[in-house]
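Spelled out from the first residue to the last, the chains are:
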Amino acid sequence: MTDRELPSVAASPLWDDRLLEGFDFSCRTDCALCCYAAPRIDAADRHAWGAAARSVPHEIDAEGTRRIPEQAPGGACRMLTGTRCSIHRWRPGVCASFPVDVYAGIGRWQASVVLSCPGLSLGGLGRSARGAGAVPPTLGGALAAERIAARARTKEPVAVDAFRRVTQRRASLERRGQRRPGWADAPTIRASLRETSELPWAGQWPGEPPPSADQGSEYLPLFFDHRAGPVAIADDGDAWELLELRPNGRTEDLGRFRLPESPPRLTAEGAHALRSYLAYWLDRDGLWDLAVAGWIADEERRPLEERLVEELGVVGATVVARGYVRALARGDPGVSLDRSAVENGIRASDADLLDRATLGAVL
Ligand code: SF4
Ligand code: SF4
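Calculation rules
Residues numbered from 1 in each chain as written. Chains lettered and ligands numbered in written order. Predicted model: local features only at pLDDT ≥ 70, side-chain atom pairs only at ≥ 80, totals over all residues. Heavy atoms only, no water. Buried < 20%, exposed > 50% of the residue type's maximum accessible area, 1.4 Å probe, protein only. Helix = DSSP H or I, 4+ residues; strand = E, 2+ residues; numbered from the N terminus. Contact = heavy atoms within 4.5 Å. Near = heavy atom within 4 Å. Nonpolar A, V, L, I, M, F, W, Y, C, P; charged D, E, K, R; others polar. Domains from an automatic or database assignment. Buried area = accessible area lost by both parts, 1.4 Å probe. Salt bridge = Lys/Arg side-chain N within 4 Å of Asp/Glu carboxyl O. Polar contact = N/O pair within 3.5 Å; in protein donor to acceptor, adjacent residues only side chain to side chain. Pairing = 2+ DSSP bridges. Axes fitted to C-alpha atoms, helices over the stretch in contact; angles between N-to-C directions. Patch = residues over 30% accessible without salt bridge, like charges linked within 9 Å, V, L, I, M, F, W, Y side chains within 5 Å. Areas by Shrake-Rupley, 256 points an atom, 1.4 Å probe, with all protein chains shown as cover. Lys, Arg positive; Asp, Glu negative; His and termini not counted. Charge placed at Lys NZ, Arg CZ, Asp CG, Glu CD. Parallel < 35°, antiparallel > 145°, perpendicular 65-115°, else oblique. Left-handed = near helix turned anticlockwise from the far one by under 90°.

(A) Structural detail: helix 3 (residues 144–153). Burial analysis of helix 3 places eight of its 10 residues in the buried class, the great majority of the element. The complete set of buried residues in helix 3 reads Ala-145, Glu-146, Arg-147, Ala-149, Ala-150, Arg-151, Ala-152 and Arg-153. The elements touched by buried residues of helix 3 are strand 1 (15–19), helix 2 (93–97), strand 6 (100–104) and helix 4 (157–178).

So this is what it looks like as structure tokens:
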């Protein structure tokens, strides 16, 4: 995804793309996972399209956001033909920037990668502590076009307004938090948790369950399978089912898989992969916002650090549960999950976990 004409964007102190470091990216032509969506149309997209904007189908959703509709609920975007975008050169900024995710974070727009994208290597997960200290932002290297497109989206007036509102709301929450025992700021808690060799997840087993298929396949977490293409995970009572998705919204059942009562074991490499992923989440401001909101609503008055650890545990357990189900679907007994099984769990969870309603998820 490199041939869209990208606007040049001046340096801004509010842009932080350190969480993009270390990842290689090459879009897979057989994939289209990210096109099972109704992509948002920004003002800059309509401006770039000019009179041609009238020929791009669009609808306004319940929040007032203009989008290209799906072919059917849970299906692919109407601009998808086979696994190709029919308006690739002029696709919306949200598509041109994928797999870069942008979050209205703590005093900055924070970019990170959506690790469900199979075109990304997971090599960047091994790096740690990128959220600490002052590192100047870069615009070169892997994901260069995507990060420029993502950064351009933060310049839209609607994004600037949203950022201001989020910053005011976060400051107000922080003032409330500081009046309660157990408060500590994000750098302090992150530094403390980076020293912890084990980030607990087993206590949160089995993490965030997927919705049931009855709720609509558009709400289900997805992953890419090189044989089946986009596959959804759905809760089906005492088991989870896997559903192959078609662009027209139809699904094909790939089987039901039962989770064990207690979490499976991880090999040493599997545990290392999970720790690296949890360290990545620790630096994402969305997790911090989730923890603060839950902690303020919590009557128990536990330290905020405990709440953040709990949220990390949910992330870890979700990854292991989905990795386990994917292992069973491949015919693996799932007795212990190795690095590849954990990485499959990460691929099946990351976009879904990033989609949770958090304070700064405004783009
Ligand atoms: S999910 Fe990633 S690899 Fe697949 S089409 Fe989208 S950008 Fe390309
Ligand atoms: S506009 Fe193109 S790239 Fe974007 S979701 Fe639709 S088909 Fe995919």
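Further notes follow.
(B) Structural detail: the site of ligand 1. Around ligand 1, the surrounding shell consists of Phe-25, Cys-27, Arg-28, Cys-31, Ala-32, Leu-33, Cys-34, Phe-98, Cys-117, Pro-118 and Gly-119. Looking at the shell around ligand 1 residue by residue, the classes come out as nine nonpolar, one polar and one charged.

(C) Representation of the side chain of Ser-217 within the structure. Relative to the helices and strands, Ser-217 resides in the loop between helix 5 (186–194) and strand 8 (222–225). Excluding residues that lie within four positions of it along the chain, Ser-217 makes contacts with Pro-73, Gly-74, Leu-245, Gly-249 and Thr-251.

(D) Fine view of the domain arrangement of the chain. According to the domain assignment, the chain contains domain 1 (15–158) and domain 2 (159–207 + 260–354). Of note, the centres of domain 1 and domain 2, computed from C-alpha atoms alone, are 23 Å apart. Each partner contributes to the interface: domain 1 provides 32 residues, whereas domain 2 provides 26 residues. Summed over both partners, the interface of domain 1 with domain 2 comes to about 2400 Å²; 57% of that surface belongs to carbon and sulfur atoms. For the domain 1 face of the interface with domain 2, the top three residues by lost area are Ile-106, Leu-122 and Leu-125, together amounting to 23%. The partner of Asp-285 in a salt bridge is Arg-108, with the nearest N and O atoms 2.8 Å apart. Between domain 1 and domain 2 we count 23 residue pairs in polar contact (both at pLDDT 80 or more) in total. For the side of domain 1 that touches domain 2, the secondary structure elements donating two or more residues are strand 6, strand 7 (109–113) and helix 4. When residues of the side of domain 1 that touches domain 2 are assigned to their parent elements, the largest contribution, four residues, is made by strand 7.

(E) Seen up close, the sheet that holds strand 10 (residues 239–245). Read across the sheet, four strands follow the order 8-9-10-11 without closing on themselves; strand pairing throughout is antiparallel. Looking at strand neighbours, the two that pair on one side only are strand 8 and strand 11 (251–257), the edges of this open sheet. Going across the sheet, the axis of each strand differs from the next one's by a mean of 30°, ignoring polarity. Pairing of strand 10 with strand 11, which is carried by six bridges, proceeds in the antiparallel orientation. The partner of Glu-241 across the bridge, within strand 11, is Arg-256. Together, strand 8, strand 9 (229–236), strand 10 and strand 11 form the strand contacts of helix 8 (residues 304–329), whose direction differs from that of strand 10 by roughly 70°.

(F) Structural view of the site of ligand 2. Every residue lining ligand 2 is accounted for by Cys-35, Pro-39, Ile-68, Cys-77, Met-79, Leu-80, Cys-85, Pro-92 and Cys-95. Of the residues in the shell around ligand 2, the class split is nine nonpolar, no polar and no charged.

(G) Molecular detail of a positive patch on the surface. Together, Arg-169, Arg-175, Arg-176 and Arg-179 make up a positively charged patch on the protein surface. On the secondary structure map, Arg-175 appears in helix 4.

(H) Region of interest: the packing of helix 4 against helix 7 (residues 285–297). Taken N-terminus to C-terminus, the directions of helix 4 and helix 7 make an angle of 50°; their axes are 11 Å apart at the nearest point. Classified by the interaxial angle, the pair formed by helix 4 and helix 7 is oblique. Seen from above, helix 4 lies across helix 7 with left-handed handedness. Contacts between helix 4 and helix 7 pair Arg-170, Leu-173, Arg-176 and Gly-177 from the former with Asp-289, Val-292, Trp-295 and Ile-296 from the latter. Considered class by class, the residues forming the contact of helix 4 with helix 7 number four nonpolar, one polar and three charged.

(I) Representation of unusual backbone geometry in the model. Omega for the bond connecting Phe-98 with Pro-99 falls within 30 degrees of zero, at 10°, which places this linkage in the cis form. With respect to the helices and strands, the residue Pro-99 is situated in the loop between helix 2 and strand 6. A cis amide bond links Trp-205 with the next residue in sequence, Pro-206, at an omega value of 0°. Along the chain, the position of Pro-206 falls in the loop between helix 5 and strand 8. Even without being glycine, Ala-32 reaches a positive phi, approximately 65°. Inspection of the secondary structure puts Ala-32 in the loop between strand 1 and helix 1 (43–49). Residue Ala-32 is classed as buried on the basis of its relative accessible area, which comes to 9%. Positive phi, close to 65°, is recorded for Leu-143, a residue that is not glycine. Mapped onto the elements of the fold, Leu-143 is located in the loop between strand 7 and helix 3. Assessed through its relative accessible area of 4%, Leu-143 is described here as buried.

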